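The chain contents come next:
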Amino acid sequence: MTGVVEAKLAELGLTLPEVVPPLATYQPAVRSGAYVFTAGQLPMVQGKLPLTGKVGAEVSAEQAKELAATCALNALAAVKSVVGDLDRIARVVKVVGFVASAPDFTAQPGVLNGASELLGAVLGDKGVHARSAVGVAVLPLDAPVEIEIQVELLPS
């Protein structure tokens, strides 16, 4: 039986991907009490990065925004791997995003809107969150963007 959140994903033409395997020694997501914290999620699609490079140089801001949405989708998959059902999400509390940026690129918040907009579209008011947008010199595998989320769960 498909839950409300996964039905909304389908309505938006999205499919929850398999959890991206860790690139090192960590878990994709960890539960602590009523919260789930994801590891940084790269914009992997079927095990590969669709684009690499710095935003504002090799990757456009619009492309990076789309990649941020992919990161958020991967983060939801990581949450589901821990709790089993995305309908258990009470709300997304915080999103932290890292943008591998060309030296003069300063539109990191616009890039991360891709993740925020996806979470809002899928979760409605439960997807409204606090957020940090950080420009960095380089990310793993030369990924343009990386997202991590923290969600609060409904009481069991």
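Only a predicted model underlies this, so the values are computations on that prediction, with no experimental measurement involved.

## Some points on the nonpolar core
The nonpolar side chains of a soluble globular protein tend to be buried with one another.
1) Next: Formed by 39 residues in total, the largest nonpolar core has its most connected members in Leu 76, Val 111, Leu 119, Val 145, Ile 147 and Ile 149.
2) Next: Excluding residues within four positions of it along the chain, Leu 76 makes contact with Leu 16, Leu 86, Ile 89, Leu 118, Leu 119, Val 122, Leu 123 and Ile 149.
3) Next: Counting seven residues, the second-largest nonpolar core is a separate cluster that includes Met 44, Ala 100, Leu 139 and Ala 143.

## So, the pairing of strand β3 (residues 89–100)
1) Next: Note: β3 against strand β5 (residues 145–153), nine bridges, orientation antiparallel. Bridge assignment links Val 99 to a residue of β5, and that residue is Val 145.
2) Next: Across seven bridges, the pairing between β3 and strand β4 (residues 130–136) is parallel. Within the sheet, the bridge partner assigned to Val 96 lies in β4 and is Ser 132.
3) Next: Each parallel crossover has a hand, and for β3 linked through helix α3 (residues 108–123) to β4 it is right-handed.

## Some remarks on the environment of Gly 47
1) Next: Looking at where Gly 47 falls in the secondary structure, it is placed in the loop between β2 (35–38) and α2 (61–83).
2) Next: Its relative accessible area of 59% is what places Gly 47 among the exposed residues.
3) Next: Residues Gly 47 and Ala 115, spaced 68 residues apart in sequence, show a C-alpha to C-alpha distance of 19 Å.

## Quick notes on the pattern of salt bridges
1) Next: Taken as a whole and assessed by the stated rule, the structure comprises four salt bridges.
2) Next: The partner of Lys 80 in a salt bridge is Glu 6, with the nearest N and O atoms 2.6 Å apart. Taken together, the positions of Lys 80 in helix α2 and Glu 6 in helix α1 (residues 4–11) put the pair 74 residues apart, joining distant regions of the chain.
3) Next: Close ionic contact of Glu 11 with Lys 8 constitutes a salt bridge, the shortest N to O distance being 3.0 Å. Here the residue Glu 11 and the residue Lys 8 both occupy positions in helix α1, the gap between them amounting to three residues, near one helical turn.

## Section: α2
Residues spaced three or four apart along an α-helix point in a common direction, a consequence of the helix completing one turn every 3.6 residues.
1) Next: A rise of 1.5 Å per residue sets the reference length of α2, with its 23 residues, at 33 Å; its end C-alpha atoms lie 33 Å apart and thus fit the reference within 8%.
2) Next: After α2 finishes, the residue Gly 84 shows a positive phi value of roughly 85°.

## Considerations on the packing of α2 against α3
Any two packed helices are characterised by how steeply their axes cross, that is the angle between the axes, and by the distance between the axes.
1) Next: Taken N-terminus to C-terminus, the directions of α2 and α3 make an angle of 45°; their axes are 7 Å apart at the nearest point. It follows that α2 is oblique to α3 by the angle criterion. Read as a crossing pair, α2 and α3 show a hand that is right-handed. Between α2, through Ala 61, Ala 64, Lys 65, Ala 68, Ala 69, Ala 72, Leu 73 and Leu 76, and α3, the contact on the second element is made entirely by Gly 110, Val 111, Leu 112, Asn 113, Gly 114, Ala 115, Glu 117, Leu 118, Leu 119, Val 122 and Leu 123.
2) Next: Along the lines of polarity and charge, the residues of the contact of α2 with α3 split into 14 nonpolar, three polar and two charged.

## Brief notes about the environment of Val 83
1) Next: Its place among the elements puts Val 83 in helix α2.
2) Next: Each C-alpha atom, one on Val 83 and one on Pro 28, is 12 Å from the other, the two residues being 55 residues apart in sequence.
3) Next: Not counting the four nearest positions on each side in its chain, Val 83 is found in contact with Val 36, Arg 88 and Leu 153.

## Regarding the pairing of β2
1) Next: Every second residue of β2 is oriented toward a common face, the buried set being Val 36 and Thr 38 and the non-buried set Tyr 35 and Phe 37.
2) Next: Of the strand pairs in this sheet, strand β1 (residues 29–32) and β2 are connected by four bridges, and their pairing is antiparallel. In the strand pairing of β2, Ser 32 is matched with Tyr 35.
3) Next: Counted between consecutive antiparallel strands, the loop separating β1 from β2 contains two residues, among which Gly 33 sits at a positive phi close to 60°.
4) Next: Across three bridges, the pairing between β2 and β5 is antiparallel. Its bridge partner being in β5, Tyr 35 is matched across the sheet by Glu 152.

What counts, and at which threshold
- Residues numbered from 1 in each chain as written.
- Predicted model: local features only at pLDDT ≥ 70, side-chain atom pairs only at ≥ 80, totals over all residues.
- Heavy atoms only, no water.
- Core = buried A, V, L, I, M, F, W, Y, C linked by side-chain atoms within 4.5 Å.
- Buried < 20%, exposed > 50% of the residue type's maximum accessible area, 1.4 Å probe, protein only.
- Contact = heavy atoms within 4.5 Å.
- Pairing = 2+ DSSP bridges.
- Helix = DSSP H or I, 4+ residues; strand = E, 2+ residues; numbered from the N terminus.
- Right-handed = clockwise from strand over helix to strand, strands pointing away.
- Salt bridge = Lys/Arg side-chain N within 4 Å of Asp/Glu carboxyl O.
- Expected span 1.5 Å × (residues − 1).
- Axes fitted to C-alpha atoms, helices over the stretch in contact; angles between N-to-C directions.
- Parallel < 35°, antiparallel > 145°, perpendicular 65-115°, else oblique.
- Left-handed = near helix turned anticlockwise from the far one by under 90°.
- Nonpolar A, V, L, I, M, F, W, Y, C, P; charged D, E, K, R; others polar.

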